[in-house]
Amino acid sequence: KSEQVSFAQAVRQGLGRDQGLFFPEVIAPLADVDALLALPLAERSARIISHLLGDEVPAAKVSELIDAAFTFPAPLVKLKDGTYALELFHGPTLAFKDFALQLLGRLLDYVLAKRNERVVIMGATSGDTGSAAIEGCKACDNVDIFIMHPHNRVSEVQRRQMTTIFGANIHNIAIEGNFDDCQEMVKDSF
């Protein structure tokens, strides 16, 4: 039920006015899926994302952003005949969310740079989302990120991941309370 927006607007806006997620209006079928699946992860990802974005982000730029984002493996490991597991814990924070957030930060920064804009991201976390978001935005020139987490209520590893990344655009805030208190503060700010 949301408005129709460009990819750049969807990335900048995050959610629709009705708080819904954005989704492509049309997804054209991909040709030769078997050949696509045989490609390395970065090349496969670049082709799929370029296919979805059309001409909004040049294919060469998509490949460049993916190469910068996916500096870690995602091996498909055979557990037994017919059963495989995709290991999504090889990113910088060891969370599966690294796969989306490493690329999203770079895409957002690219869109903002083209428009000569800057944004502030605010988030609440109980641990792994915050550290993955911070890692994904730490190299962004056009993004300031504020992440709140409940003081003494995240694991020590997650606390260190969030509080030892230094950058002028990184702002980590420990809140007396629980995750819901952090999330309420973010919601109230909007």
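Everything below is about the structure shown above.
Residues numbered from 1 in each chain as written. Predicted model: local features only at pLDDT ≥ 70, side-chain atom pairs only at ≥ 80, totals over all residues. Heavy atoms only, no water.

1. Quick notes on the overall build of the protein
The helix and strand tally for the protein stands at 8 helices and 5 strands. Taken against the 2.2 N^0.38 rule, which gives 16 Å for 190 residues, the C-alpha radius of gyration of the protein at 18 Å falls within 12% of a compact globule. Along the first, second and third principal axes, the C-alpha atoms of the protein reach 55 × 45 × 30 Å. Across the 190 residues of the protein, 34% fall into the buried class. Of the contacts made within the protein by residues no fewer than 6 positions apart, 61% connect residues no fewer than 24 positions apart. For the protein, the exposed surface amounts to about 11,500 Å²; the carbon and sulfur share of it is 56%. (Helix = DSSP H or I, 4+ residues; strand = E, 2+ residues; numbered from the N terminus. Rg over C-alpha atoms; globule rule 2.2 N^0.38 Å. Buried < 20%, exposed > 50% of the residue type's maximum accessible area, 1.4 Å probe, protein only. Contact = heavy atoms within 4.5 Å. Areas by Shrake-Rupley, 256 points an atom, 1.4 Å probe, with all protein chains shown as cover.)

2. Side note on the sheet that holds strand S4 (residues 143-150)
Pairing within the open sheet is parallel, and its 3 strands lie in the order S3-S4-S5. Each having just a single partner strand, strand S3 (119-124) and strand S5 (170-175) make up the two edges of the open sheet. Sheet twist, expressed as the average angle between the axes of neighbouring strands with direction ignored, equals 15°. Across 6 bridges, the pairing between S3 and S4 is parallel. Directly across from Val119, in S4, lies its bridge partner Val143. Together, S3, S4 and S5 form the strand contacts of helix H8 (residues 179-189), whose direction differs from that of S3 by roughly 150°. (Pairing = 2+ DSSP bridges. Axes fitted to C-alpha atoms, helices over the stretch in contact; angles between N-to-C directions.)

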